[in-house]
Amino acid sequence: VLAYLRAFAAAGAFGSAVVAVATVQSTAGLRRARSLSPTEVVEQAREVLRHQRVRAVKGGALGSAANVRAVARLLAGRAGLAVVVDTPMLPSRGKARLLARGAVQLLREALLPHATLVTVNADEAEALVGGPVRTVREAHDAARALVSHCGAHAALVKGGHLAGPMAIDVLAVTDM
């Protein structure tokens, strides 16, 4: 959260944060994650939306299906708001989950249709589209599926976890 706020400030944007998952982590990895209640998440978001001129939202770890559902409902009433959905499910290091296993389908069906852009790594793309994502070709197919079948306006599959010597990102965009 702090890294994102610093990046926003460096780009000249004012960022506000809503926390959905409290974590115990360091550079050694994620040790524990606990989802806040959907009521707490929505109260935080409504407070920011009420008092700031919000033009874009970048979502991250939501933890639970209840939080996915609550955020999807909150975004449903906000047409015209740019929404970037990042979908962290598992950490690069550590054992704790950032999204409950049972929340993946709900993420796909309820939240991704609100996304202006969805950003996923190969493992997250695999979980969302239900097929392997290990090559650039498979990343291409996954990005297109996230747009055509999941309703996101654009999908970026990040290539850091793909096979091969280079990290190649793949972007698919709807025909508007």
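Just so it is clear, the structure is predicted and the values come from calculations on it, not from any experiment.

**Let's talk about the sheet that holds strand β6 (residues 154-158)**
Two modes of strand pairing occur in sheets, parallel and antiparallel, and in both the strands are linked by backbone hydrogen bonds.
At step 1: Strand order in the open sheet formed by 5 strands is β3-β4-β5-β6-β7, with mixed pairing between adjacent strands. Edge positions in the sheet fall to β3 (56-59) and β7 (170-173), since each has one partner strand and no second. In this sheet, neighbouring strand axes are inclined to one another by 10 degrees on average, regardless of whether the strands run parallel or antiparallel.
At step 2: Pairing between β6 and β7: 4 bridges, direction antiparallel. Across the sheet, residue Leu156 finds its bridge partner in β7, namely Leu171.

**Describing the nonpolar core**
At step 1: One finds Val68, Leu111, Val118, Leu128, Val133, Leu146 and Val157 to be the most contacted residues of the largest nonpolar core, which totals 42 residues.
At step 2: At the level of elements, α3 (65-76), β4 (82-86), α4 (104-111), β5 (117-121), α5 (122-129), α6 (136-148), β6 and β7 are the ones that each hand at least two residues to this core.
At step 3: When residues of this core are assigned to their parent elements, the largest contribution, 5 residues, is made by α6.
At step 4: Leave out the neighbours within four places in its chain, and Leu128 touches Thr87, Met89, Val104, Leu107, Arg108, Leu112, Val120 and Leu146.

**Description of a nonpolar patch on the surface**
At step 1: On the surface, Val136, Met166 and Ile168 cluster together to form a nonpolar patch covering roughly 260 Å² of accessible area.
At step 2: In this fold, Val136 is placed in helix α6.
At step 3: Classification of Val136 by relative accessible area gives partly exposed; the value is 34%.

**Focus: the packing of α5 against α6**
At step 1: The contact between α5 and α6 brings their axes to 10 Å, and the two run at 50 degrees. It follows that α5 is oblique to α6 by the angle criterion. Relative to α6, the crossing made by α5 is left-handed. Contacts between α5 and α6 involve Ala125, Leu128 and Val129 on the former and, on the latter, Ala142, Ala145 and Leu146.
At step 2: Split into classes, the residues belonging to the contact of α5 with α6 amount to 6 nonpolar, no polar and no charged.

**Digging into the side chain of Asp86**
At step 1: Take Asp86: it is sitting in strand β4.
At step 2: Given a relative accessible area of 12%, Asp86 falls into the buried group.
At step 3: Within the structure, Asp86 has its side chain in polar contact with the side chain of Tyr4 (distance 3.4 Å).
At step 4: Discounting residues that sit within four places of it in the chain, Asp86 has contacts with Tyr4, Lys58, Gly59, Gly60, Thr119 and Lys158.

**A look at the pairing of strand β2 (residues 29-35)**
At step 1: Sheet topology note: the strand β1 (residues 21-26)/β2 ladder contains 6 bridges and is antiparallel. For Ser26, the partnering residue across the bridge sits in β2 and is Gly29.

**Observations regarding helix α2 (residues 38-51)**
At step 1: Under the 1.5 Å per step criterion, the end-to-end length of α2 is 20 Å for 14 residues, consistent within 8% with the ideal 20 Å.
At step 2: Along α2, the residues that are buried comprise Val41, Val42, Ala45 and Val48. For α2, the angular spread of buried residues about the axis comes to 130 degrees, placing them on one side. Pointing more than 90 degrees away from the buried face of α2 are the exposed residues Thr39, Glu43, Arg50 and His51.
At step 3: Residues of α2 that are buried make contact with α3.

Analysis parameters
- Per chain, residue numbering runs from 1 following the sequence as it is written.
- Local features in this predicted model are restricted to residues whose pLDDT is 70 or higher, and side-chain atom pairs enter the listing and the counts only when it is 80 or higher, whereas totals over whole chains, interfaces and linings include all residues.
- Side-chain calculation: all heavy atoms of the structure are included, whereas hydrogens and water are not.
- Being paired, for any two strands, means DSSP has found at least two bridges between them.
- In DSSP terms, a helix is any run of H or I states spanning at least four residues, a strand is any run of E spanning at least two, and both are numbered starting from the N terminus.
- Simply put, an axis is a line fit to the C-alpha atoms, just over the touching stretch for a helix, and the angle between two N-to-C directions goes from 0 to 180 degrees.
- To qualify as a nonpolar core, a set must consist of buried Ala, Val, Leu, Ile, Met, Phe, Trp, Tyr and Cys residues joined through side-chain atoms within 4.5 Å.
- Exposed residues in this analysis have more than 50% of their type's maximum accessible area, buried residues have under 20%, and partly exposed residues fall in between, with area computed by a 1.4 Å probe over protein chains only.
- The contact definition used throughout considers only heavy atoms, calling two residues in contact when any of these lie within 4.5 Å.
- To count toward a patch, a residue needs a relative accessible area above 30% and no salt bridge. Like charges then connect within 9 Å, nonpolar side chains (Val, Leu, Ile, Met, Phe, Trp, Tyr) within 5 Å.
- Note on areas: Shrake-Rupley, 1.4 Å probe, and residue coverage restricted to the protein chains presented here.
- By definition here, a salt bridge exists when the distance from a side-chain nitrogen of Lys or Arg to a carboxyl oxygen of Asp or Glu is within 4 Å.
- In this scheme, roughly parallel covers angles under 35 degrees and roughly antiparallel covers those over 145, while 65 to 115 is roughly perpendicular and the rest are oblique.
- In this scheme, a crossing is called left-handed if the near helix is turned counterclockwise away from the far one by less than a right angle; it is called right-handed if the turn is clockwise.
- Nonpolar residues are Ala, Val, Leu, Ile, Met, Phe, Trp, Tyr, Cys and Pro. Charged residues are Asp, Glu, Lys and Arg, and all others, Gly as well, are polar.
- Under this definition, polar contacts are N or O atom pairs within 3.5 Å; protein pairs additionally need one hydrogen-donor-capable and one acceptor-capable atom, and for neighbouring residues in sequence, both atoms have to be side-chain atoms.
- Under the convention used throughout, the expected extent of a helix is 1.5 Å for every residue step, that is, one less than its residue count.
- Taking the helix axis as origin, the arc is that swept by the directions to the C-beta atoms.

Function cannot be read off these values alone, since they describe shape.
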